[in-house]
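# Report on the structure
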Amino acid sequence: MNTKKQIASVLTGGIILTSGSVFAMPTDQFDAGVEKGISYFNQGLYYEARDEFQWFSDSSWGQLDINQQQYILDYLDRIKKDINRLGTLSTVEFDKGMAKGISYFNQGLYCEAKDEFQWFADSNWGRLNVGQQQYLLDYIGGAKQEINRTFTGTYTTHGSSNDIYIDYFDGSKISFSIYSINSKATRIASTDTITASVKSGVCHFRFEDSRSGYGTGTLKIYKNKLVLDINYTEYGLGWSLSGGTYLKK
């Protein structure tokens, strides 16, 4: 190897070995990268915090200077200590954490039960043993099945032929379609199946009807009752969807 090639090889090796400390990630980019992990940590969600910091570390380590690397390592060390301090959830703690969701479930309040079970799972998953995890998953699955059984079907407005058909609902996701018919059944406006997210019993969605009208809507979901609000951006020809209170047939 000639002298120039030897020097080039040494310089390249030096850059590779020291790139983590010479080329620091910009502070604002680093702060954005660790923000989610810190938020999880401050909420006591240590397993989520650990995974977030580890992901950021794995994907960005070579771009960080030594101080940024140490910052992440310090957080990971603190998280490890907190996880070890908390340990696994005892049977008494688990039963207490499940009690509210089970109470909702036994009252037939399946949406509230699912939300309670999901919150408990999100907050404590890493502390549960395999049996506790499966027990919780079975309850979440059961709540979703009961929600779907309870809420799917036809809902209609009083004294009219306007209908909403719910094909699927699990408390978080819903699929439905809307039909609006005039008194002589000569004009119909309808939608294809709309699939949207539901939060706290409320669904916000976009639609296009069979008469080329389109807009946005809100569907509020109660037990055996729906409240529909329709807002047209552009009306179609001759007829439109109708909002109002829909009761289950």
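Here, the structure is the one placed above.
Residues numbered from 1 in each chain as written. Predicted model: local features only at pLDDT ≥ 70, side-chain atom pairs only at ≥ 80, totals over all residues. Heavy atoms only, no water.

## A word on the pairing of strand E2 (residues 163–169)
Pairing between strand E1 (residues 153–156) and E2: 4 bridges, direction antiparallel. Residue pairing across strands places threonine 156 opposite aspartate 163, the latter belonging to E2. As paired elements, E2 and strand E3 (residues 173–181) share 6 bridges and run antiparallel to each other. Bridge pairing links tyrosine 168 to serine 175 in E3. If you look at the hairpin formed by E2 and E3, you'll find 3 residues sitting between the two strands, and glycine 171 has a positive phi there, around 100 degrees. (Pairing = 2+ DSSP bridges. Helix = DSSP H or I, 4+ residues; strand = E, 2+ residues; numbered from the N terminus.)

## What to know about the pattern of salt bridges
Throughout the structure, instances matching the rule amount to 6 salt bridges. Here aspartate 51 makes a salt bridge to arginine 50, at a shortest N to O gap of 3.4 Å. In this structure aspartate 51 comes out as partly exposed when scored by relative accessible area, which is 45%. The salt bridge partner of lysine 81 is aspartate 77, with a shortest N-O separation of 3.4 Å. On the criterion of helical spacing, the pair formed by lysine 81 and aspartate 77 is a turn pair, its members being 4 residues apart in helix H4 (residues 66–86). What makes lysine 81 exposed here is its relative accessible area of 55%. Under the relative-accessibility criterion, aspartate 77 is labelled partly exposed at 37%. (Salt bridge = Lys/Arg side-chain N within 4 Å of Asp/Glu carboxyl O. Buried < 20%, exposed > 50% of the residue type's maximum accessible area, 1.4 Å probe, protein only.)

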